[in-house]
Amino acid sequence: MKYNFDKIINRHGTNAMSAEGFREYLFGDNPEIKCACADEDLVSMWIADMDFAIAPEILNAIKQRLDQQILGYTQLSGDSYTQAFLNWTKSRYQFDFNPEHLVNSSGIVPALFDLLKYLCKPDEKVLIHTPSYGFFKHAADGNNLELVCSALKSDNGYYRIDFEDFEKKAQDTKVTVFILCNPHNPTGRVWSIEELTRLATICFDNNITIIADEIHCDLLRKGQTFTPLAALFPESDKIVTCMAASKTFNLADLMFANLIIPHDELRDKWQQEHFPIVNPLSLVGVQAAYEKGGNWLDELTDYLDNNFDYLDKYLKQNLPKVVFQISQSTYLAWVDISAYLGKEINLTEFFAMNAGVLLEGGNMFVGNADGCIRLNLACPLAKLKDGLEKINQAIKDYK
Ligand SMILES: Cc1ncc(COP(=O)(O)O)c(C=O)c1O
C-alpha cells in the first residue's frame with residue numbers, strides 16, 4: 001500500500017467533533033452523562049468522518065495554495081473545477097450532467113434546509129425512509145414541514161424498500177418532496193437500478209420532487225456499482241442531485257458540496273441567495289481530490305473492506321445473536337443488537353457510560369431503529385479492535 005491507513009492520529013486539541021464536540025450532539029439535554037473513562041480515552045466511532053490522514057495529493061494542493069499567500073474573496077468561475085467534477089462522475093458513474101446545472105453549496109445539510117424552503121409550501125410534507133440520517137428530519141422541522149416516514153424492512157439485516165407503503169404515502173397530495181438517501185445512511189444499502197426506477201416512477205406519478213442525497217456514493221464495497229438517480233432520468237428536472245468530496249476524502253469541514261439542479265426556476269432561486277464565493281483552500285482541495293485522489297480512494301476502499309470483514313467475523317464469533325450485513329457502501333456499519341440489550345435502552349448513552357465508546361444508537365435515526373447501533377469503521381484497524389472489545393465487554397457485563 002502506498003498510503004498508511006494504520007497510522008493513529010491524535011485528534012484532541014483540534015476541536016474535532018469526534019473527539020471533543022460530542023456531548024451536546026450525542027447526549028442532547030442530558031450533557032452531564034458520565035462516560036466510562038476520561039474524554040481522551042474514549043473510543044470515538046460516531047460522527048461520519050474518518051480518522052485517516054487526507055491524501056497527500058490534496059494536502060499538497062492546499063499547501064501550494066497557501067504558498068500563494070493571499071486568501072482573498074474567491075469565486076467559483078471558469079470551468080476547471082466543473083470539468084474535474086464532471087470527469088469524476090463520468091469516469092466513475094457514466095453520469096454526464098449539464099455543467100450549467102451545477103451550483104455550489106457549503107454543505108449538503110445547509111442545502112437541504114434551503115431546498116425544502118424553496119420547494120415546499122407551508123402545509124406540504126416531506127417523505128423519507130427510516131431509519132434515517134437525522135438531519136433529514138431536522139431540515140423538515142426547521143421549515144415547519146410535516147415529515148412522512150416510510151419504514152425500510154430488514155430481511156435479516158438486509159434492508160428493502162416497502163414499495164406498497166411508500167406508494168401509499170407518496171399518494172398524499174401534500175407530500176411534495178422525497179429525500180432519497182443513496183447509498184443509504186445508516187443501512188449502507190446501494191439501491192439498485194430497479195429500486196431507483198420504481199421509487200422515481202412513484203414520485204413522478206405523484207408530482208413529487210426528489211432530492212437525491214448521494215454523498216456516500218464513492219465509498220463502495222468491492223463489487224458494488226452505484227447509479228446516480230439523475231443518470232437514469234436525464235430529461236427530468238424533478239431531481240436535485242447532491243454529491244460531495246467530503247465523505248469520500250475526509251474533507252467535511254472544507255464546507256464544499258455540489259448540487260446539480262436541472263430545474264431552471266429552482267436553480268435561479270438558489271443562485272439568487274447563494275453567491276459562488278468559496279473558500280480558496282476548499283476549492284483547490286476538492287479539485288485536487290477529484291483530479292488526483294482516485295488511487296488513494298481505491299486503497300481506502302480496500303482498507304474499509306478489510307475492516308468490515310473483521311467486524312463481520314468478530315460479531316459472528318463473539319456476539320452471534322446480532323443481526324448484521326456488511327454495508328454495500330459507506331464506512332458505517334448498522335448492527336442490530338436488540339437480541340442482547342432489547343429495544344428500550346438509549347444505546348448512545350449506554351455505550352458511552354458502560355464501554356467508553358462513542359457511537360450512535362437507534363435513537364438518533366428518526367424511527368425504525370430501536371435496538372440498533374451505527375459504528376463508524378473509518379479508523380485504523382487497531383482502534384476498531386479496541387472499540388469492539390469494549391462494546392462486547394459492556395454487553396456481556398449487562399447480563
Ligand atoms: C446522508 C448524509 N447527508 C449529508 C451529510 C452531511 O453533509 P454535509 O457535511 O455536506 O452538510 C451526511 C453526513 O453524515 C450524511 O450522512
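Up top you'll find the structure we're talking about.
Residues numbered from 1 in each chain as written. Predicted model: local features only at pLDDT ≥ 70, side-chain atom pairs only at ≥ 80, totals over all residues.

A.B. asks: Outline the overall build of the protein chain, listing residues and values.
C.D. replies: Secondary structure assignment for the protein chain yields 15 helices and 15 strands. Against the 2.2 N^0.38 benchmark of 21 Å for 399 residues, the protein chain shows a C-alpha radius of gyration of 21 Å, consistent with a compact globule. Overall, the protein chain is about 60 × 55 × 40 Å in size when its C-alpha atoms are taken along their principal axes. Within the protein chain, the fraction of its 399 residues that count as buried is 44%. Within the protein chain, residue pairs in contact and separated by at least 24 positions form 75% of the contacts whose partners lie at least 6 positions apart. (Helix = DSSP H or I, 4+ residues; strand = E, 2+ residues; numbered from the N terminus. Rg over C-alpha atoms; globule rule 2.2 N^0.38 Å. Buried ≥ 20, exposed ≤ 12 C-beta atoms within 10 Å, placed from the backbone. Contact = placed C-beta atoms within 7 Å.)

A.B. asks: Please give an account of the sheet that holds strand β12 (residues 332-336) that cites residues and values.
C.D. replies: Taking strand neighbours across the sheet as the criterion, the four strands line up as β11-β12-β15-β14 in an open arrangement whose pairing is antiparallel. Two strands close off the open sheet at either side, each with one partner strand: β11 (323-324) and β14 (360-361). Pairing geometry for β11 and β12, over two bridges, is antiparallel. Residue Val 323 lies in a different strand from β12, and its bridge partner there is Asp 336. (Pairing = 2+ DSSP bridges.)

A.B. asks: Tell me about the pairing of strand β10 (residues 257-260), and please be specific about residues and values.
C.D. replies: Alternating residues of β10 divide into Ala 257 and Leu 259 and Asn 258 and Ile 260, and every residue in both groups is buried. Of the strand pairs in this sheet, strand β2 (residues 102-105) and β10 are connected by four bridges, and their pairing is antiparallel. Across the sheet, the residue bridging to Ser 105 is Ala 257, located in β10. The pairing of strand β9 (residues 239-244) with β10 spans four bridges and is antiparallel. Residue pairing across strands places Cys 242 opposite Leu 259, the latter belonging to β10.

A.B. asks: Describe the environment of Lys 269, listing the residues and the values that go with them.
C.D. replies: For Lys 269, the location among the structural elements is in helix α10 (residues 264-273). Residue Lys 269 is classed as partly exposed on the basis of its C-beta count, with 17 C-beta atoms lying within 10 Å. Separated by 151 residues in the primary sequence, Lys 269 and Tyr 118 place their C-alpha atoms 7.4 Å from one another.

A.B. asks: Outline the sheet that holds strand β4 (residues 146-151), supporting the account with residue identities and numerical values.
C.D. replies: Read from one edge of the open sheet, seven strands run β2-β10-β9-β8-β7-β3-β4, paired in mixed fashion. Both outer strands of the open sheet, β2 and β4, are each paired with one neighbouring strand and no more. Across the sheet, the axes of successive neighbouring strands diverge by a mean angle of 25°, strand direction being ignored. (Axes fitted to C-alpha atoms, helices over the stretch in contact; angles between N-to-C directions.)

A.B. asks: For the packing of helix α2 (residues 56-67) against helix α11 (residues 280-292), give the residues involved together with the corresponding values.
C.D. replies: Contact geometry of α2 with α11 gives a least axis separation of 8 Å together with a crossing angle of 145°. Crossing handedness for the pair α2 and α11: right-handed. Contacts from Glu 57, Ile 58, Ala 61, Ile 62 and Arg 65 of α2 reach α11 at Pro 280, Leu 281, Val 284, Gly 285, Ala 288, Ala 289 and Lys 292. (Left-handed = near helix turned anticlockwise from the far one by under 90°.)

A.B. asks: Describe unusual backbone geometry, naming the residues involved and giving the relevant values.
C.D. replies: Of note, the amide linkage connecting Thr 130 to Pro 131 takes the cis form, showing an omega dihedral of 0°. Structurally, Pro 131 can be placed in the loop between β3 (125-130) and α5 (134-142). Following Asn 185, the chain continues to Pro 186 via a peptide bond in cis, the omega torsion being 15°. Here Pro 186 is to be found in the loop between β7 (175-181) and α7 (193-205). The phi angle at Gln 69 is positive, at roughly 75°, despite the residue not being glycine. Its location among the elements puts Gln 69 in the loop between α2 and α3 (80-93). One non-glycine residue, Gln 94, lies in the positive phi region at around 50°.

A.B. asks: Residue-level account of the nonpolar core, with values.
C.D. replies: Among the nonpolar cores identified, the biggest contains 123 residues, and Leu 112, Leu 116, Ile 179, Ile 210, Ile 211, Cys 242 and Leu 377 are the most heavily contacted of them. Looking at this core, the element that brings in the most residues is helix α12 (residues 294-318), giving seven residues. Residue contributions to this core reach at least three from each of two domains, namely domain 1 (23-55 + 295-398) and domain 2 (71-291). Excluding anything up to four places from it in sequence, Ile 211 contacts Leu 112, Leu 115, Val 177, Ile 179, Leu 180, Val 240 and Cys 242. (Core = buried A, V, L, I, M, F, W, Y, C linked by C-beta atoms within 7 Å. Domains from an automatic or database assignment.)

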